[in-house]
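As a plain string of letters, each chain reads:
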Amino acid sequence: MQKVFLFIILCSAHVGFAQQFEYRIARQCDLVDSIEEQVYAYEKIGIKATGTAGFDSATVWLINRYTALGYSPIVDTFLVGEDTSYNVIVEKPGSEPNKWIIVGAHFDSVDEGPGANDNGSGVIATLEIARLIKDVDTKIGVRIVNFGAEENGLVGSRHYVANTLADETEEEIQLMINLDQIGGAITSNNSTIVCERDEDDSPFSNNEMSSRKTDTLGRLVYLYTTISPILGRAERSDYEPFEDVGLVVTGLYQNTPNPHYHNATDITANIDIPALKEVIKGAVAATLYFSRIQGVVGVEKLDRNQVNLLPLPAASHFSISTPIAGPLEVTLINSYGVEVLVQQTEGMEPISITHLASGAYTVKIYSEANSTYTLYKLIIAR
Ligand SMILES: [Zn+2]
């Protein structure tokens, strides 16, 4: 569906959080294939509107693709009026049972065209993610859901959240990442991509976490792609049913208006393929980051110059910029030698210090995986 955005440039991605690459993530992003052929394969199936033979063919095509990648797809069947539609689901479990992130992309189209961008672009992104995470160890499981009947009013995602998703006492959904129309028209400047966050107040409780995750998504786009992140509002796509039940969402969406939207000309030839490939790298990076990719990056002894506390001085929060892989234990000690904060953190996640007074603190950073221990000074000033 088409949208109007209020754009805010994500300045922090360029200034404050210039981050070390995690090579284990960058390596997987570099393996994103030439995706033109795949988008064209999706286009060739034809119109995939609910109730058409094309939609059924697309369902079979998708199942075959995931099966060839080594997955066992689950087909979630539902009705749209008198028509039958499907969600196609595959799972890559993490080491922590019952904790998941969901990566979603609808695979139906409108009646007017084959939907190479809306949403072949998102579908190919999910297939590439499935391929590139298959043999990577992650802490959190990755569940990919390709929704049917998005164009009928988010029917597939509503069905999924209401009827298929397990109760929250049985599993924890940490994040839903939505991928819808991420290609961009070939005639547009696609050097930016919108990172979308929950700005919807019903409920309000999930907005802050969505905002934080979306900031992180922007930084990941900045780190692992050649395009720049822009912040926007998540709306009118499969995010909505997840948002409405209080889950945390983020996602990607093209930045410029697309003249081929819901048109017979929404074909591969009108997509900016190199730009789409970069966006897919960002989606792969986000999936690996948010599912807590495991494994040692190979850093054993850390030079003090390789660790930065940002911002410095700090007021409300700080983040640790470091190439150390995996979770870190962070301890803050005040000038009297009292431990005032002990917290686990990972990657760039902000640590709140609003409860601490202004002053100088000693920071101990300890990484179990790499036996890395380092001492640092944090200045809190307000
Ligand atoms: Zn769409």
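Residues numbered from 1 in each chain as written. Predicted model: local features only at pLDDT ≥ 70, side-chain atom pairs only at ≥ 80, totals over all residues.

Tell me what's going on with the overall build of the protein, and back it up with residues and numbers.
Counting its regular elements, the protein contains eight helices and 16 strands. A compact globule built from 382 residues would reach a C-alpha radius of gyration of about 21 Å, and the protein, at 21 Å, matches this within 12%. The dimensions of the protein, computed from C-alpha atoms along their principal axes, are 70 × 45 × 40 Å. When burial is assessed residue by residue, the protein has 47% of its 382 residues classed as buried. Sequence-distant contacts, at least 24 apart, represent 79% of the contacts inside the protein between residues at least 6 apart. (Helix = DSSP H or I, 4+ residues; strand = E, 2+ residues; numbered from the N terminus. Rg over C-alpha atoms; globule rule 2.2 N^0.38 Å. Buried ≥ 20, exposed ≤ 12 C-beta atoms within 10 Å, placed from the backbone. Contact = placed C-beta atoms within 7 Å.)

Could you give me a rundown of the confidence of the model for the protein, with the residues and numbers involved?
Taken residue by residue, the protein gives an average pLDDT of 89. The fraction at 70 or more is 90%. Across residues 3-19, where pLDDT falls below 50, the model places 32 contacts with residues more than four positions away in sequence or in other chains. (pLDDT = per-residue confidence, 0-100.)

I'd love a proper account of helix α2 (residues 36-44), names of residues and values included.
Turning to α2, its buried residues number three or more, namely V39, Y42 and E43. Summarising the axial view, the buried residues of α2 lie within an arc of 100°, below the 170-degree limit, and thus occupy one face. Against α4 (116-133) lie the buried residues of α2. (Arc of directions from axis to C-beta.)

Could you give an account of unusual backbone geometry, naming the residues involved and the relevant values?
The linkage connecting L310 with the following residue, P311, adopts the cis geometry, with an omega of -10°. With respect to the helices and strands, the residue P311 is situated in the loop between β10 (308-310) and β11 (317-321). Look at the link from L312 to P313: it is a cis peptide, with omega at 0°. Mapped onto the secondary structure, P313 falls in the loop between β10 and β11. With a phi close to 55°, A149 is a non-glycine residue in the positive phi region. Looking at the element boundaries, A149 is found in the loop between β5 (141-146) and α5 (155-164). One non-glycine residue, Q181, adopts positive backbone phi at about 55°.

Report on the pairing of strand β3 (residues 83-92), specifying residues and quantitative values.
With respect to burial, β3 is a largely interior element, seven of its ten residues being buried. Summarising the sheet, strand β2 (residues 74-80) and β3 pair through seven bridges and their orientation is antiparallel. Residue pairing for β3: D76 is matched across the bridge by N87. Joining the antiparallel neighbours β2 and β3 is a turn of two residues, in which G81 adopts a positive phi near 60°. Pairing of β3 with β5, which is carried by five bridges, proceeds in the antiparallel orientation. (Pairing = 2+ DSSP bridges.)

Requested: an account of the domain arrangement of the protein, with residues and values cited.
Interfaces are often described in size by the accessible area the parts lose on coming together. Domain annotation for the protein reports domain 1 (8-290) and domain 2 (304-380). Once you take the C-alpha centre of each, domain 1 and domain 2 turn out to be 33 Å apart. (Domains from an automatic or database assignment.)

Just give me the short version of the sheet that holds strand β14 (residues 351-352), but keep the residues and values in it.
If you walk across this open sheet you meet the three strands as β10-β11-β14, and the pairing is antiparallel. Because the sheet does not close on itself, it has two edges, and the strands there are β10 and β14. Alignment of β10 against β11, held across three bridges, turns out to be antiparallel. Counterpart to L310 in the pairing with β11 is S319.

Tell me about the nonpolar core, and please be specific about residues and values.
Formed by 76 residues in total, the largest nonpolar core has its most connected members in I101, I129, M176, L252, A283, V284 and A285. At eleven residues, the largest contribution of residues to this core is made by helix α8 (residues 273-290). Those residues within four positions of M176 in sequence are excluded, and the remaining contacts are I102, G104, Y239, F242, L247 and V249. (Core = buried A, V, L, I, M, F, W, Y, C linked by C-beta atoms within 7 Å.)

Now, about the packing of helix α6 (residues 207-224) against α8: what can you tell me, with residues and values included?
Contact geometry for α6 and α8: axes closest at 9 Å, N-to-C directions at 125°. Taken together, α6 and α8 sit at an angle that is classed as oblique. α6 and α8 meet at a crossing whose hand is right-handed. Of the residues in α8, those in contact with L217, L220, V221 and Y224 of α6 are K281, G282, A285, A286 and Y289. A class-by-class count of the residues in the contact of α6 with α8 yields seven nonpolar, one polar and one charged. (Axes fitted to C-alpha atoms, helices over the stretch in contact; angles between N-to-C directions. Parallel < 35°, antiparallel > 145°, perpendicular 65-115°, else oblique. Left-handed = near helix turned anticlockwise from the far one by under 90°. Nonpolar A, V, L, I, M, F, W, Y, C, P; charged D, E, K, R; others polar.)

Report on the environment of I353, specifying residues and quantitative values.
By the element assignment, I353 lies in the loop between β14 and β15 (359-367). When the 19 C-beta atoms within 10 Å are taken as the criterion, I353 is described as partly exposed. In the structure, I353 is positioned 112 residues away from P241 in sequence and 33 Å away in space, judged by C-alpha atoms.

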